[in-house]
Amino acid sequence: MKRRAGSFSPRVVAQDVALALFITVMQVQGTVARVAAEGALRPLSDVGNLGFALLVVSGLALAVRRRWPVAVFVTVALASLVYYGFDFPDGPGWLAVFFSLYSLAAYGDGRRSLAIAGAGIAVLAVGWLVAGADVEPRAAIGWVFFRIGAAVMSAALGESVRSRRVIAVEAQKRAELAERTREEEARARVDAERLRIAREVHDTVAHAIAIINVQAGV
């Protein structure tokens, strides 16, 4: 996948790192708050703090979402499948999934990235539905469909941003080409005018020399 010019400037890298830290804190803090409020949910510290590790890994992976969008999405998607497969609490741990899908579509290479996003969403949907098959109360299954719908919307938003960026780049290239064409045409007209003047001067000088020769002969 080609690197995009300007994507890895210090300012952009700092923004992505800040976003990754923010999403990580939101996922962990939001889930911990839900566990504390409801009490009956599986603690994130079970299975060797696996819940904490999955939320942290999926959040921090966003720090390199522009450079390796496919790898980041695969990492986040796998973390989400394992997280819900172990029946950890359904807090805001899906935030990283949405940002990784957006990044995959926005900074990917178009058709290939959309195919990966589509396949990934399908796998996530199946995994989430299987993990939520015995969720109680049954009304809570609505959060699974929310995750699926939000995942599709994230990919669609990323593709919209990428398409607009491509259109803008193409328009800029056409404008630059038109400007170069106008400059070349102007130079061609100037060169043609210079050639015409040179020919007129040549003809005038030749005529004057011919007259001088005639007069000298006389």
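The structure presented is a predicted model; accordingly, all values stated were derived computationally and were not measured.

Colleague: Break down helix α2 (residues 46-60) for me, citing the residues and quoting the values.
Modeller: Counted at 1.5 Å a residue, the expected span for α2 with its 15 residues is 21 Å, and the 21 Å between its end C-alpha atoms agrees. Its axis deflected by about 35° at Ala-53, α2 carries its strongest bend there. For α2, the complete set of buried residues consists of Gly-51, Leu-54, Leu-55, Ser-58 and Gly-59. Among the structural elements, α1 (10-38), α3 (69-85) and α4 (95-107) are those in contact with the buried residues of α2.

Colleague: So, the environment of Arg-65: which residues are in play, and what are the values?
Modeller: By the secondary structure assignment, Arg-65 is in the loop between α2 and α3. Between the alpha carbons of Arg-65 and Tyr-102 there is a distance of 9.5 Å; along the sequence they are 37 residues apart. If sequence neighbours within four positions are ignored, Arg-65 has contacts with Asp-16, Leu-19, Val-72, Tyr-102, Ser-103 and Tyr-107. A distance of 3.2 Å separates the side chain of Arg-65 from the side chain of Asp-16, its partner in a polar contact. Among the polar contacts listed, one links the side chain of Arg-65 to the side chain of Ser-103, at a separation of 2.8 Å.

Colleague: If you had to explain the packing of α2 against α3 to someone new, which residues and values would you point to?
Modeller: How two helices sit against one another is set out by the angle between their axes and by the gap between those axes. At a minimum axis separation of 9 Å, α2 and α3 run at an interaxial angle of 160°. With respect to α3, the axis of α2 lies roughly antiparallel. Read as a crossing pair, α2 and α3 show a hand that is left-handed. Only Thr-75, Val-76, Ala-79, Val-82 and Tyr-83 of α3 make contact with α2, whose side of the interface consists of Leu-50, Gly-51, Leu-54, Leu-55, Val-57 and Ser-58. Taken together, the residues that form the contact of α2 with α3 break down as eight nonpolar, three polar and no charged.

Colleague: Just give me the short version of the side chain of Glu-159, but keep the residues and values in it.
Modeller: Take Glu-159: it is sitting in helix α6 (residues 142-217). Excluding residues that lie within four positions of it along the chain, Glu-159 makes contacts with Ala-105, Ala-106 and Leu-114.

About the criteria used
- Residues numbered from 1 in each chain as written.
- Predicted model: local features only at pLDDT ≥ 70, side-chain atom pairs only at ≥ 80, totals over all residues.
- Heavy atoms only, no water.
- Helix = DSSP H or I, 4+ residues; strand = E, 2+ residues; numbered from the N terminus.
- Expected span 1.5 Å × (residues − 1).
- Bend = angle between axes of the 7 residues up to and from the residue.
- Buried < 20%, exposed > 50% of the residue type's maximum accessible area, 1.4 Å probe, protein only.
- Contact = heavy atoms within 4.5 Å.
- Polar contact = N/O pair within 3.5 Å; in protein donor to acceptor, adjacent residues only side chain to side chain.
- Axes fitted to C-alpha atoms, helices over the stretch in contact; angles between N-to-C directions.
- Parallel < 35°, antiparallel > 145°, perpendicular 65-115°, else oblique.
- Left-handed = near helix turned anticlockwise from the far one by under 90°.
- Nonpolar A, V, L, I, M, F, W, Y, C, P; charged D, E, K, R; others polar.

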